[in-house]
Structures are given as C-alpha cells and as structure tokens.
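Coordinate analysis (summary)
Listed here are the chains, written in short residue letters.
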Amino acid sequence: NAGVTQTPKFQVLKTGQSMTLQCAQDMNHNSMYWYRQDPGMGLRLIYYSASEGTTDKGEVPNGYNVSRLNKREFSLRLESAAPSQTSVYFCASSEGGQGVLAGELFFGEGSRLTVL
Amino acid sequence: AQTVTQSQPEMSVQEAETVTLSCTYDTSESNYYLFWYKQPPSRQMILVIRQEAYKQQNATENRFSVNFQKAAKSFSLKISDSQLGDTAMYFCAWELTFGTGTRLTIIP
C-alpha cells in the first residue's frame, strides 16, 4: 500500500503565483489534515477534514484554501503565494470517527515549497 | 488554546545509553490521546508510541516507553539501549497539536 501520497515533492514559486498541493490516501481513512513545518515551530495545523464533505480551519489557515474532493483526496491551494509560506507541507490521515481524531496520524513524505 | 511544550531543543547521547525526552501539555479535557512521533533525516514522520489518557498503565513499544503523569500533564519518552538509527527529530503531540520537537543525536 502507498499510504499517503503527496505531490509535488518540491516546488519553487514566485510571489503572487498560485499552486495546489495534492494529497491522496488509500487506507480508507475518514479524516485528513494539512500541516506546515517550520524550523523551531514544530508542525502547525492549517486545515483539516474530519469526514468527506467537511473542512475546518486549524491554527494557521490564512492564505490557504482546501478541498476534500472525495474520501481519498484532500488538496491544499495557495491562491497568491507569499514568502512567509515557504515551508515543508505535510498531508496526513487518520481513521477518524466520532471525534476529529481517533488514532494515530499517517503522514505523507512532505512537500518542500519555496516562495521567492 | 491547547499547548504542547518540549523544553529540550537538542540532546545527544552515546550509543547503548538510555535517554529521556520531556513533554508537557495543557488541556482541560479528561480523555485524549498523546503521541510521540519520530522524524529521521528522510523527513518521513513515523509514530513511535501512543498513550490513551484513561489508561493508567504506561505504554511500551520494545525499547521505547513513556512516563505518563496525567495530573502533572507530563508525557516523557524513554529510549533504552539507544541505537544509531534513533537519530531523529522527536515530536510530542496532544491529539492534533504538536510540540516544537527535540533533535536527538546518537553518538557512536
């Protein structure tokens, strides 16, 4: 099984450009998440989707939008990229259930985004 | 807001020694999950161990064990007989909230 797959792995953008990070999981998980990782700040939750058809803001949602396309796929869009969005982005999934989180997070390999 | 604090940004130990990584958290909830994740240089995040708050027994996974003190809101990770492959960033997490991580280096 592939688990959680993110694309692209690396991307360089110019300020103001837009792009979409794609994420797909093949574990039939209900919940999916997008995090960003910055040095000295750990992982911060951007958006999450507790179940198909729902999305909610996390700790740092400004400048991002998400789409839960179906149960498998959860995309993250930067409409107008800014240098402050230079980061490593991780998609994750979990079984979910009655609460937002029921069990461990399974992570993708990460996507390194640089905004010039 | 829920917070998770890892007060040791970096640690290093000799191979085969035991090391303990500290983590404290803040929550008003009574039932929740706590996790330790490992991130090696490959960047892939991997679950090391998890603890359910309603279970008093400390979780153990081979060389990894936790010291869970619910009243003190403390959740430390002990790595016994450390190996070179344990070199990584370690993140403590309360539900979906992560600490800032501890960079652990195992010295040959």
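Residues numbered from 1 in each chain as written. Chains lettered and ligands numbered in written order. Predicted model: local features only at pLDDT ≥ 70, side-chain atom pairs only at ≥ 80, totals over all residues. Heavy atoms only, no water.

1. Topic: the state of the cysteines
Residue and element names in this part refer to chain A. According to the stated counting rule, one finds two disulfides over all chains in the structure shown. The partner cysteine of Cys23 in its disulfide is Cys91, sulfur to sulfur 1.9 Å. Of note, the bridge from Cys23 to Cys91 carries an S-S torsion of about -75° and is left-handed in sense. Residue Cys23 is located in strand E3 (residues 19-25), and its partner Cys91 is located in strand E9 (residues 87-94); the two are separated by 68 residues in the primary sequence. Judged by its relative accessible area of 3%, Cys23 is buried. (Disulfide = S-S within 2.5 Å. Helix = DSSP H or I, 4+ residues; strand = E, 2+ residues; numbered from the N terminus. Buried < 20%, exposed > 50% of the residue type's maximum accessible area, 1.4 Å probe, protein only.)

2. Section: the packing of aromatic side chains
Counting across every chain of the model gives 14 aromatic pairs over all chains. An angle of 20° between the planes, with centres 6.0 Å apart, marks the rings of Tyr33 of chain B and Phe35 of chain B as stacked. You'll find Tyr33 of chain B and Phe35 of chain B in the same group, each marked buried. Grouping aromatic residues by their ring pairs yields a cluster made of Tyr35, Phe90 and Phe107 of chain A together with Tyr33, Phe35, Tyr37 and Phe98 of chain B. (Phe/Tyr/Trp six-rings, centres within 6.5 Å; stacked < 30°, edge-to-face > 60°.)

3. Considering the pattern of salt bridges
For the structure on display, the rule yields seven salt bridges over all chains. The residue Arg63 of chain B makes a salt bridge to Asp86 of chain B at a minimum N-O spacing of 2.9 Å. With Arg63 of chain B in the loop between strand E7 (60-61) and strand E8 (64-69) and Asp86 of chain B in the loop between strand E9 (74-79) and strand E10 (88-94), the pair connects residues that are 23 residues apart, well separated along the chain. For the pair Arg63 of chain B and Asp86 of chain B, one class covers both residues: buried. Connected through salt bridges with shared partners, the residues Arg36, Asp38 and Arg44 of chain A form a single ionic network. (Salt bridge = Lys/Arg side-chain N within 4 Å of Asp/Glu carboxyl O.)

4. Let's talk about the interface of chain A and chain B
Chain A puts 23 residues into the contact, and the matching count from chain B is 15 residues. Counting each side, the surface lost to burial between chain A and chain B is near 1600 Å², with a carbon and sulfur contribution of 59%. Seen at the junction of chain A and chain B, the total is zero salt bridges. Our count for the chain A to chain B interface comes out at six residue pairs in polar contact (both at pLDDT 80 or more). Sorting the residues of the side of chain A that touches chain B by element identifies strand E4 (31-38), strand E5 (42-49), E9 and strand E11 (111-115) of chain A as the ones contributing at least two each. (Contact = heavy atoms within 4.5 Å. Buried area = accessible area lost by both parts, 1.4 Å probe. Polar contact = N/O pair within 3.5 Å; in protein donor to acceptor, adjacent residues only side chain to side chain.)

5. Considering the pairing of strand E6 (residues 46-52) of chain B
Residue and element names in this part refer to chain B. As paired elements, strand E5 (residues 33-39) and E6 share six bridges and run antiparallel to each other. Paired with Trp36 across the strands is Ile49, a residue of E6. Where E5 hands over to E6, the hairpin turn is made up of six residues, of which Arg43 adopts a positive phi near 85°. (Pairing = 2+ DSSP bridges.)

The analysis is restricted to geometry; functional conclusions fall outside its scope.
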